[in-house]
Amino acid sequence: MMSRSYTNLLDLASGNFPIMGRERERRRLPRTMTVPGSIAELDDDQAQSVCSDNQSSLASDRMIVVANKLPLKAKRRPDNKGWSFSWDEDSLIFRLKDGLPEDMEVLYVGSLNVDVNPIEQDDVAQVLLERFKCVATFLPPNLLEKFYDCFCKKQLWPVFHYMLPYTADHGNRFDRSMWEAYVAANKLFSQKVIEVINPEDDFVWIHDYHLMVLPTFLRRRFNRLRMGFFLHSPFPSSEIYRTLPVREEILKALLNADLIGFHTFDYARHFLSCCSRMLGLEYQSKRGYIGLEYFGRTVGIKIMPVGIHMGQIESVMKLADKEWRVGELRQKFEGKTVLLGVDDMDVFKGINLKLLAMEQMLKQYPSWQGRAVLVQIANPVRGKGIDLEETQAEIQESCRRINEKYGKSGYEPIVFIDKPLSVSEKVAYYSIAECVVVTAVRDGMNLTPYEYIVCRQGISGAESGSDLSGPKKSMLVISEFIGCSPSLSGAIRINPWNVESTAEAMNEAISMADYEKQLRHEKHYRFVSTHDVAYWSRSFMQDMERTCADHFRKRCWGIGLGFGFRVVSLDPNFRKLSIDNIVSAYIKAKRRAILLDYDGTMMPQNSIIKTPSSEVISILNRLCGDPNNTVYIVSGRGKDSLSKIFSSCKKLGIAAEHGYFMRRSQDEEWEVCGQSTEFSWMNMAKPVLNLYTEATDGSSVETKESALVWQYKDADPAFGFSQAKELLDHLESVLANEPVEVKSGQFIVEVKPQAITKGLVAEKIFTSMCENGKQADFVLCIGDDRSDEDMFEIIGSAISGNILSSNTSVFACTVGQKPSKAKYYLDDTSEVILMLENLAEATDSPDSSDAENDISP
């Protein structure tokens, strides 16, 4: 009988997550389980979230590492009764524990490389948990094929490596059933994490593209869970990524992690560009850290290339030396200059391009014929990739042709090894190679150059006669399209598609003077030896701790269905404005100040119609009709526009252009509040704005009486944002000696006179009321963007300066759940109108009239 959580998988894949009911008491599982846990009480349709208001102590922290494969080797026992397991010491996720605190317990969650009979699964799971602290995820064979072989390897992997299925014969078109299998598999991984997690104490570190939607499943259950994700593959440019039919689902799922890691800035930049173009999110860089604000949470972006495990490489080198393999190879290739390639058999590794470059080098530099040898080691195929048979056939044909053309007795220019080699055999080849060549057309990281550098360094303390005591020099010819390329500044970087330039680079590398080879090697070795896998994991862990520092201080709750689910994280003092509370305070008050922004507050930001409805006009007139109310619209719009919009509101006060112009009612003249009436600076600013408008399609310039505004909301998001930053710098330089300030806002860059802010408008209104003996005892201030924050901020200083009484009921409110200096929020403009309507009704009520009659003359 299938559990209810499994039967829901197809609904989950379609984005139809069940609406959560009331949370039941959760059974706490022990930190280390002795038997496989049951998740019957933990199904997603029974609980919404688990969170704690008490921060855990560091001593009890634990790391749960989640990856597609466990860092284990498994083989059937000789008697065919059971399995034997051992650590896979070559596994990256096994080695990352070296960078974590010594007292931190590490638990691994993942699947095995072997197919375990369902009858044996419970016993195997118990053994793995007790002896290795590993939690095995057993995927049904049909699900595994669709999840890994079909969706991961034939859809995600090609797209992330810039290969699109332009025709049915070239790649696999998107198949929603495969996506559903991917989601289902991620769901099963999440269930295994839930079995053992202690959300108050544990960190979760998820690895690679196989598990990109796992953060959503875990975040739905544990709002305050400290969770990181690291992508070991490239992340493609937005032009490629946006072709994925499930592009937004994956982005939103990743953003449920607290920290997202990439090998290079290019990969991170592509991810940030996708978030900008598809989700409208912009990143901020502060003190060297990059973050995305996402519903009150700051999602950190980590850029750190992974390293190798120095101790393991050195121990394998000693083994290779002990077994005389290095000496054997030196003898075999005596008198030859060896170039080495070590690659997976994969269409993206560019092996054939390397062979063609070797052929070109022998043709262009005949002196290397009979002397230069390219040893190409092809690692066994992992999974069912695309175009493998064609790739293998092409490579074999190139090897045959080149060897027939340039080979002779006792000499083959290409030595192609397509059988499994032990690590010590590979180390032996590294040790005798003069140069390593990597021509991958796309690769996430590629640690081959790092391993080569360490092997060429030799063993510290080795005897002078040892084969590994030798030369401290190395050369690298590497593709500019691999993750390690930016870290190896002494390497010769090449475009692998340009066979001629690759051939020239290979010749340059092996012809270079030994002294320069030594200098480049020393530079590389310093980097590789200090930036090892422990350094990488330690750095990631430190950033995760920093990013999650406020988790237990903020209030968190989940909203949204399917992959639209996200956690809203807000300051504990920031809460939704209660209509009942504000109406109660409104009725009790004797002098009220009501300050309202317009665009984005009274009127939706994206609305085509920019005039208020008759309902809104009626509400404003009723509020203004109360003699105890001082009501102002405080907007960045021009005074003529606002006068026209609110022409039927006779008693409404208006502060236009952020307060440069003010009037108390229609009967009064506009008052200029700016310190300067000199606008000659506009003649300097307009040509600059026009220049950027011509260069940026979709942008425009709005000319106000006191300000100039460059708008780019209809431009390409990335280009518009880039141009806005350039324009900001340009204007600040041009107008450095003018009495103006240049500010950026939501899709705008504005130039306006100095000391003109909405905050000063609010202060002026409060001061005027106080001077007239009508000090406000009720303040309502609502806005939606950065300029309105000045109003919220000024309220505190107004109270300390006795312009407002300490007993004043203050309701500073922002529109939308986002970080703000306001204490309250309302979700959207409709809620703002509803709240104002309730205040207007309170104005008309007898209770309000009684309060007015109590006012002393």
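The sections below set out a description of the structure shown in this document. Remember, predicted model here, so these are calculated numbers, not experimental data. (Residues numbered from 1 in each chain as written. Predicted model: local features only at pLDDT ≥ 70, side-chain atom pairs only at ≥ 80, totals over all residues. Heavy atoms only, no water.)

What about the pairing of strand 1 (residues 62-69)?
Okay, so step 1: Taken across its eight residues, strand 1 has seven buried, putting it largely inside the fold.
Okay, so step 2: Of the pairings in the sheet, the one linking strand 1 to strand 4 (residues 105-111) comprises six bridges and is parallel in character. Bridge assignment links Val-65 to a residue of strand 4, and that residue is Tyr-108. (Buried < 20%, exposed > 50% of the residue type's maximum accessible area, 1.4 Å probe, protein only. Helix = DSSP H or I, 4+ residues; strand = E, 2+ residues; numbered from the N terminus. Pairing = 2+ DSSP bridges.)

A short note on the sheet that holds strand 24 (residues 661-663)
Okay, so step 1: Strands sit in the order 20-32-31-30-21-22-23-24-25 across an open sheet of nine strands; the sheet is mixed. Each of the sheet's edge strands pairs with one partner strand only, and the pair in question is strand 20 (575-576) and strand 25 (671-672).
Okay, so step 2: Both strand 30 (residues 778-783) and strand 31 (residues 809-815) contribute to a ladder of six bridges, which runs parallel. Within strand 31, the position partnered with Phe-778 by the bridge is Ser-809.
Okay, so step 3: Set on the sheet, helix 25 (residues 758-771) makes contact with strand 21 (592-596), strand 22 (629-634), strand 23 (653-656), strand 24, strand 25 and strand 30; between it and strand 21 the angle comes to about 160°.
Okay, so step 4: Each of strand 21, strand 22, strand 30 and strand 31 touches helix 26 (residues 789-800); the most contacted strand, strand 30, lies at about 160° to it. (Contact = heavy atoms within 4.5 Å. Axes fitted to C-alpha atoms, helices over the stretch in contact; angles between N-to-C directions.)

Thoughts on the pattern of salt bridges
Okay, so step 1: Under the defined criterion, the tally for this structure stands at 36 salt bridges.
Okay, so step 2: The salt bridge involving Lys-639 is made with Glu-705; its shortest N-O contact spans 3.0 Å. One end of the pair, Lys-639, is in helix 22 (residues 639-645); the other, Glu-705, is in the loop between strand 26 (700-703) and strand 27 (708-711), with 66 residues separating them in the sequence.
Okay, so step 3: Residue classification places Lys-639 among the buried residues on the basis of a relative accessible area of 14%.
Okay, so step 4: Three or more residues joined by partner-sharing salt bridges are found here, namely Glu-434, Arg-456, Lys-473, Asp-514 and Lys-517. (Salt bridge = Lys/Arg side-chain N within 4 Å of Asp/Glu carboxyl O.)

Things to note about the sheet that holds strand 7 (residues 226-230)
Okay, so step 1: The nine strands lie next to each other as 5-4-1-6-7-8-11-10-9, forming an open sheet whose pairing is mixed. Among the strands making up the open sheet, the edge pair consists of strand 5 (134-136) and strand 9 (283-286). The sheet shows a mean angle of 25° between the axes of neighbouring strands, taken without regard to direction.
Okay, so step 2: Where strand 10 (residues 289-294) and strand 11 (residues 297-303) come together, five bridges link them in antiparallel fashion. Residue pairing across strands places Ile-290 opposite Ile-301, the latter belonging to strand 11.

Some remarks on the environment of Lys-758
Okay, so step 1: With respect to the element layout, Lys-758 can be found in helix 25.
Okay, so step 2: Other than its neighbours up to four places away in sequence, Lys-758 contacts Asp-597, Val-634, Ser-635, Gly-636, His-658, Ser-787, Asp-788 and Met-791.
Okay, so step 3: Looking at Lys-758, its side chain comes within polar contact range of the side chain of Asp-597, at 3.0 Å. (Polar contact = N/O pair within 3.5 Å; in protein donor to acceptor, adjacent residues only side chain to side chain.)

Some thoughts on the nonpolar core
Okay, so step 1: The biggest cluster of nonpolar side chains holds 181 residues, and the ones touching the most others in it are Val-66, Leu-128, Phe-160, Phe-235, Ile-260, Phe-271 and Val-375.
Okay, so step 2: Examining the composition of this core, we find that twelve residues originate from one element, helix 6 (residues 176-196), more than from any other.
Okay, so step 3: Apart from residues no more than four positions distant in its own chain, Phe-271 is found in contact with Phe-235, Leu-251, Leu-254, Leu-255, Ile-260, Phe-262, Leu-292 and Ile-301. (Core = buried A, V, L, I, M, F, W, Y, C linked by side-chain atoms within 4.5 Å.)

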